[in-house]
Amino acid sequence: MNWWNEFADRIETDVPLAPMTWYRLGGRARYLFRPRDAADLASFMLRAGHESLPVKVLGAGANVLIRDNGFDGVVVRLDQPAFRRVERNGTTAKVGAGVDLMPMSRRFSRDGLSGLECMAGIPGTIGGAVRMNAGGRFGEFGRIVREADLLHPDGVIETWPHDRLGFGYRRSAISDRIVLSVRLELQEDDPVEVTRRYDDCFAYKQRSQPLTDNSAGCVFKNPDGQSAGALIDRAGLKGFSCGLARVSPRHANFIVTDFGARASDVLRLIDAIRDRVLVLFGTALEIEVDVW
Ligand code: EPU
């Protein structure tokens, strides 16, 4: 592949992915590509498409489970300065896909810009937050997204307005496109009030979730009108384990892992939880974590 040489100084080979994920487990990537900017990524995608090379973007690794045999393709990380810009203009902000969600939300809240305080306690990058419509009982990210710049697999860049992004509960219509940046619409508010709401939201999660353990947040989506965590709890599964992965004793929709755990431990535990909840309550839990 002659074209590969053009990108070679930005590509590493046989890279362990575990340190890049919150579970701290999983195999290696055949390649890891760190594009300089959107044009660099677009031209790479076009060429990779012609070769049918599988490509996946890894954000903060906060909502993924990478299998033990890793990923036989190209993992892209948007961690160069071009993807980590925050340009504020009054109550709007253009934010790169590689920006970390939590520090940005905290800073905007402290500055009296309302809209992101509900993101307290949610790790991840902006790209992941848009794709997944990250959120919880305090609000969802999609609500404040005015538009997003997306890269299609064929290298074309397009701006999609809010309505086209198809936000729903933990989903969007982004599919196999890559988020490059988003424009957010925030509201001016009293910095003390916004900060209080941010802190309240964070405190709620600190009380109810194992935020300092290795986990990928909630494993299952909440079924209509029910809480997956409450169902798993009622099934008596808190503390139940497979290998070095166990159901968090603090919040039953979290699987936490110890050093040395394998993806196969987590996957076996996921199956066991699903089976038990289905048998006891007749509810088929749908997984929220992205399994590679
Ligand atoms: N509950 C239990 N036992 C548990 C966990 C929860 O009985 O082990 C009960 C709680 O007492 C409460 C109800 O279930 O009455 C709901 O619990 P919680 O407020 O923790 O909310 P959740 O529905 O379990 C959702 C999101 C979280 C988000 C929180 C708070 C999903 C799947 N989960 O959890 O998102 O942080 O609301 O906003 O939608 C994530 O998506 O990764 C995530 C952690």
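Residues numbered from 1 in each chain as written. Predicted model: local features only at pLDDT ≥ 70, side-chain atom pairs only at ≥ 80, totals over all residues. Heavy atoms only, no water.

Draft legend 1. Here's a closer look at the pattern of salt bridges. Throughout the structure, instances matching the rule amount to 24 salt bridges. Across the pair Asp111 and Arg88 runs a salt bridge whose closest N-O atoms are separated by 2.7 Å. Pair noted here: Asp111 is in the loop between α2 (101-110) and β8 (113-114) and Arg88 is in strand β6 (residues 86-89), with a separation of 23 residues, a long-range link. Its relative accessible area of 39% is what places Arg88 among the partly exposed residues. Arg146 is the partner of Glu185 in a salt bridge, and the nearest nitrogen-oxygen pair spans 2.9 Å. (Salt bridge = Lys/Arg side-chain N within 4 Å of Asp/Glu carboxyl O. Helix = DSSP H or I, 4+ residues; strand = E, 2+ residues; numbered from the N terminus. Buried < 20%, exposed > 50% of the residue type's maximum accessible area, 1.4 Å probe, protein only.)

Draft legend 2. Structural context of the pairing of strand β7 (residues 92-96). Most of β7 sits inside the fold, with 4 of its 5 residues counted as buried. As judged from the 4 bridges shared by β6 and β7, these two strands associate in the antiparallel manner. Bridge pairing links Asn89 to Thr92 in β7. Linking β6 to β7, which pair antiparallel, is a turn of 2 residues; within it Gly90 sits at a positive phi near 65°. (Pairing = 2+ DSSP bridges.)

Draft legend 3. Representation of the domain arrangement of the chain within the structure. Each assigned domain of the chain is listed with its residue range as follows: domain 1 (5-81), domain 2 (84-208) and domain 3 (228-291). Contacts between the two partners involve 15 residues from domain 1 and, on the opposite side, 16 residues from domain 2. Of the roughly 1200 Å² buried between domain 1 and domain 2, counting both surfaces, carbon and sulfur atoms make up 74%. Ranking the residues of domain 1 by area buried against domain 2 places Met45, Leu78 and Pro81 at the top, with a combined share of 34%. Across the domain 1-domain 2 interface, the total number found is 0 salt bridges. (Domains from an automatic or database assignment. Contact = heavy atoms within 4.5 Å. Buried area = accessible area lost by both parts, 1.4 Å probe.)

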